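# A look at the structure
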2 protein chains.
Amino acid sequence: MKASSPPLAFPSLAEIEPGRRSRKKNKTRVDLMTAGVKLFATRGFDETTTTEIAELADVSQRTLFRHFPTKESLLYGDMEELRLNLREGLAARPNDEPILTSVREALIPPEEEFREQREHRLLQAQLAARYPSVSAYSRAVVQASWEREIIAAVSKRLGVDPMVDPRPEIIAGASISAIRIATRQWTASSGTANYIELLSDALGMIGSIGELDS
Amino acid sequence: MKASSPPLAFPSLAEIEPGRRSRKKNKTRVDLMTAGVKLFATRGFDETTTTEIAELADVSQRTLFRHFPTKESLLYGDMEELRLNLREGLAARPNDEPILTSVREALIPPEEEFREQREHRLLQAQLAARYPSVSAYSRAVVQASWEREIIAAVSKRLGVDPMVDPRPEIIAGASISAIRIATRQWTASSGTANYIELLSDALGMIGSIGELDS
DNA sequence: TACTTTACGTCAGTCGCTGACATTAGTCAA
DNA sequence: TTGACTAATGTCAGCGACTGACGTAAAGTA
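Calculation criteria
- Residues numbered from 1 in each chain as written.
- Chains lettered and ligands numbered in written order.
- Predicted model: local features only at pLDDT ≥ 70, side-chain atom pairs only at ≥ 80, totals over all residues.
- Heavy atoms only, no water.
- Helix = DSSP H or I, 4+ residues; strand = E, 2+ residues; numbered from the N terminus.
- Buried < 20%, exposed > 50% of the residue type's maximum accessible area, 1.4 Å probe, protein only.
- Domains from an automatic or database assignment.
- Contact = heavy atoms within 4.5 Å.
- Buried area = accessible area lost by both parts, 1.4 Å probe.
- Salt bridge = Lys/Arg side-chain N within 4 Å of Asp/Glu carboxyl O.
- Least-squares fit on C-alpha atoms with pLDDT ≥ 70 in both.

## Things to note about unusual backbone geometry
Residues and elements named next belong to chain A.
- In this model, Asp58 sits at a positive phi of 60°, which is unusual for a non-glycine residue.
- Secondary-structure assignment places Asp58 in the loop between helix H2 (50-56) and helix H3 (61-67).
- Residue classification places Asp58 among the exposed residues on the basis of a relative accessible area of 68%.
- Positive phi outside glycine occurs at Ser190, with the angle close to 60°.
- Tracing the sequence through the fold places Ser190 in the loop between helix H9 (167-188) and helix H10 (195-204).
- Assessed through its relative accessible area of 48%, Ser190 is described here as partly exposed.

Dropping the structure here:
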C-alpha cells in the first residue's frame, strides 16, 4: 500500500465484506496490481514475469493466479467495476431520450472519475499500443464486455431481440470504435489533449455517418 | 492431403514460386492446417495440442511454429488472403459511389467464394463461440486487420486523416460489428440461414442508425 | 476451546512458443 | 555429374504463463 505518488486506489470488484480476512485478501489484490503496474511501467509488459510481480507483492506466484486469471488482467483489473458503472449509467438514462444520446452520455466518464484514473488509463493505452497481447486483451475482454452492456441496454430500449435486429450490435460497435479512436488520439498526444472532448466528439459523429451517403 | 469431403484448398499467402522446394513447403503448410482443422473439429481447440497437430501432419512441432506464429493462426491461416481481397475490393469501388455502399459491397463475398469456404467459416465461428482464445484471436487479429483496411480506404475516399477524423474508424467498427452479428445469427442457425442475406441486411442498417434519434 | 473455513505456500507438471545447432534435401553453377 | 550453397526441417533444451494437488496457518464460528 501507500503507493508513491497517487494513492492508486484500485477498487476491488468483490465486495469488501467486513472482517480481517476479507481486508487482507483485498490488500494482496491491491498489492499485486500495484506491483504489476509499477513493473509494467518501468520495464515493459513482456519484459516482466508474473513471478517478479508476485515477489514484489511479497506473495507466491500461485497466489497471483488465484487473484487474477491472466497476466493482462493485472493491468485491467479495475475494469469490472467500470463495466458495472456503464451498466448503471445506461439504465439510469430516461426512456424518452434518443438512444444514441443515452449511449453517449453513459460512455463519457465524469470529469472527476477520469482525473483520478488518468494516469492508469494512459499506461493501459500505451502498453496496448506497444504489446499485442495487451491490445488483444483490451479488445477481446474489456471492450467486448462493454459491447455486451451496450447491446443489452439498446436492445431493451428498442424492444428488439439483439439476435434478430442487428442495430444494437452496430451501435455498440460504432460506440466502442469511437472510444478506441478517441483513446488513440489522446494517447498520441501523450495525454495532453482533452480526452473527454475527443471522446464526446467521436461519439457525436455516430449519428451522422448515414449522411455520408452523398 | 486428399481431404475427405471437400478439397479444402487452403490458399497460401506466400507466392508459390516454381520449384520443388517451394511446393513442398506449401504442402507442409497445407498439411498442418488440414491436420489442425481436423483435430479442432473432432476434439476441440483447447483439447488439441500443437504436438498432436504436428504429428498428424508428420512434421516436428518446431516446423509447425516456423509456418504459423500461433496455434490460433492454424485455424485462420487463410485470412491473410481474404484481407488482401478486401483491400482490392475496396480499391475497385468507384469514387462517386456512396462510401457506405462501397464498404458494404466490398465486404459481401461472392456467392461462389462463400460456398467454397462455407464449412471452414462455420467451424471458425463455432470454435470462436466455444473457446475464448479463438474468439480473442478472431477479434484482435483478424477483425482488427479488416478494420485497418476499411479505415484506410474510407479515410482515403473522404480525404481525411484517420487520426483526426473519427468517422473512418466508426464506419469500420460498425461494419465489423455487422459482420459479427450476421456471423452469430448464421452460426446460431448451424449454417442453415442465408449468410449473405444476413450480412447484407446488417450492413445495410449502418446508414440508418442515425435515424434512431427520435 | 475445539471445529470449520479460507487464503496462501510449495511442488510438480502441462503446454505454447523460441533460440541454437545439426542435418537433410533442393538448387544451381562448373 | 559433381560439388558448393542455401533453404527447410529435426533435435534438444529452455522459458514463462498457467493449473491441480496437497499441506499449513490464520481467521471466523460454535
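## So, the domain arrangement of chain A
Residue and element names in this part refer to chain A.
- Once the domains are mapped, chain A shows domain 1 (20-71) and domain 2 (76-207).
- Relative placement of domain 1 and domain 2: their C-alpha centres are 27 Å apart.
- Between domain 1 and domain 2, the contact holds eleven residues from the first and nine residues from the second.
- Both faces combined, the contact of domain 1 with domain 2 buries some 710 Å², and carbon together with sulfur accounts for 68% of it.
- The largest per-residue losses of area from domain 1 upon contact with domain 2 belong to Met33, Val37 and Phe45, which jointly make up 48% of the total buried on that side.
- There are zero salt bridges connecting domain 1 and domain 2.

## Some remarks on the relation of the copies chain B and chain A
- For the pair chain B and chain A, the superposition axis carries a translation of 0.0 Å, the fit reaches an RMSD of 0.1 Å, and the rotation angle comes to 180°. Those values place the two copies in the arrangement expected of a two-fold rotation axis. Among all residues of chain B, the minimum C-alpha distance to the rotation axis is found for B:Ala174, at 2.3 Å.

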